[in-house]
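# A look at the structure
One letter stands for each residue in the lines below.
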Amino acid sequence: MSKSCLVVDDSKVIRKVARHILESMAFAVDEAADGQEALRFCRANRPDVILLDWNMPVMSGMEFLGAFNDLDFGHDERPRVVFCTTENSIDHIRAAIEAGADEYVMKPFDRETLEGKLQLVGVA
Amino acid sequence: MMGGGTASESAYRVLMSVLESRTGQTLSPNRIWRIEMSLKPVLQRHGIADLDALVAALVTANGRQLLDDTVDAMLNNETFFYREHSVFDDIAEKALEYLRVVNARQRQLTIWHCGVSTGQEAYSMAMLLAEQGERWAGWRVDVIGTDVSHHAISRARVGLYSQFEIQRGLPVQRMVRWFDQTEAGWLAKADLRRRVDFSVQNMLIDRPPLAAPADLIFCRNLLLYFAMPMRQKAFARLRAIAAPQSFLVLGAGETVLGQTDQFVASPRLRGLYEPADQQVRRPVAA
Ligand SMILES: [Mg+2]
């Protein structure tokens, strides 16, 4: 069965690029344009992994993680979270990991980089 | 024309023989066409017009730096952290536990990264060992990286990696624990750097600076650049450095089958190799 990924980013272009790469890796892809949409999606679905933008209107990646950590996935494993950022700061990365992200990837990313990160969190 | 570029055929021949005599490596046809691109930065740095002029300079001048730079540029220094990470998982659990039992009396563990390039593989092992903490308390643990490339080894020693390199294969938890962010890139902390020693070596000629026979040898994606007689010699060199009960790690696409009788597939650990004489029970003479 193919793995699923929820791409959360306010940039349509980034979502399109991510979808293209993920589909080439046989992922089933869903999209959300902000944290709130993503949260709504995760209340009804359980993607294997979430590719999470940090800076978004309505609800940021950090705010999303706060609410996401309280979601109950029952017997299923919690989806892995790879956050994407353009901010290349170790403090920023630390904050995201402390908030519950499993990995990070710098934007813009290519297929090899993203695939490597998905391998690290055990979904590729 | 063999180079597919603009230089004369004799220039390519000279460059290939320089590479072979310095490293034992042979350029496969699919790498020859890239030689001109690989050497472009060297030409610029030394103010040389083209490959023919480079060859002329190599033959006439005594420029050691030019020779080093030329050879370095023709080598493939591709590497990254925890490359084929399942191999590292197996080593972390099974191979190291086996070696811990085998070496329990000496309490010494020697790991050699042959063809370590810019160091990521050796740092990967060093982080993994350091995180096993208590398991190696009271042990002497040596992690040694060698490579024929001066440029790669000096980079390995510094331990500075670009954003692209640092996010290739390295889990974020390890990145924030073992690296500092600097203006120039991600720098291995002193506590990590002190756990690894690097030196410039030609594995076909030099004896690696090890205090004991190697318990674990990484030689990944290097032997494929040697032509067959050299490859057999290289395997013999690895065997001479390996402890009787030890492991050899090759690249994912590499094997010993039909290449050497010095090593065989490990019966303990899939994907690793062991010195052949540990496996073959020779019949006792009557
Ligand atoms: Mg954004």
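Residues numbered from 1 in each chain as written. Chains lettered and ligands numbered in written order. Predicted model: local features only at pLDDT ≥ 70, side-chain atom pairs only at ≥ 80, totals over all residues. Heavy atoms only, no water.

## A word on the packing of aromatic side chains
The final tally for this structure, using the stated rule, is 14 aromatic pairs over all chains. Judged by centre distance (6.1 Å) and plane angle (40°), the rings of F83(A) and Y104(A) are tilted. Here F83(A) is found in strand β4 (residues 80–85), whereas its partner Y104(A) is found in strand β5 (residues 103–106), with 21 residues between them in sequence. A relative accessible area of 0% places Y104(A) in the buried class. Taken together, F81(B), Y123(B), Y161(B), F179(B) and F198(B) form an aromatic cluster joined through their ring pairs. (Phe/Tyr/Trp six-rings, centres within 6.5 Å; stacked < 30°, edge-to-face > 60°. Helix = DSSP H or I, 4+ residues; strand = E, 2+ residues; numbered from the N terminus. Buried < 20%, exposed > 50% of the residue type's maximum accessible area, 1.4 Å probe, protein only.)

## Notes on the domain arrangement of chain B
Residue and element names in this part refer to chain B. Each domain of chain B was delimited in the assignment, giving domain 1 (2–74) and domain 2 (85–278). In this structure, domain 1 and domain 2 have C-alpha centres spaced 29 Å apart. Contacts between domain 1 and domain 2 engage nine residues on the former and twelve residues on the latter. The junction of domain 1 with domain 2 conceals about 880 Å² of combined surface from both sides, 51% of it contributed by carbon and sulfur atoms. The largest share of the area that domain 1 buries against domain 2 comes from T23, Q25 and D72, three residues that together contribute 47% of it. Remark: the boundary between domain 1 and domain 2 carries zero salt bridges. At the surface where domain 1 touches domain 2, the tally comes to six residue pairs in polar contact (both at pLDDT 80 or more). Sort the elements by how many residues they give to the side of domain 1 that touches domain 2 and helix α5 (residues 64–74) lands first, with three residues. The class makeup of the residues in the side of domain 1 that touches domain 2 is no nonpolar, four polar and five charged. (Domains from an automatic or database assignment. Contact = heavy atoms within 4.5 Å. Buried area = accessible area lost by both parts, 1.4 Å probe. Salt bridge = Lys/Arg side-chain N within 4 Å of Asp/Glu carboxyl O. Polar contact = N/O pair within 3.5 Å; in protein donor to acceptor, adjacent residues only side chain to side chain. Nonpolar A, V, L, I, M, F, W, Y, C, P; charged D, E, K, R; others polar.)

## Points about helix α2 (residues 35–44) of chain A
Residue and element names in this part refer to chain A. Residues of α2 that are buried include every one of G35, A38, L39, F41 and C42, and no others. All buried residues of α2 project into a common sector of 160° when viewed along the axis, lining one side. In α2, the exposed positions angled more than 90 degrees off the buried face are occupied by R40, R43 and A44. In the core, the buried residues of α2 are packed alongside β1 (4–8), β2 (28–32), β3 (49–53) and α3 (61–68). (Arc of directions from axis to C-beta.)

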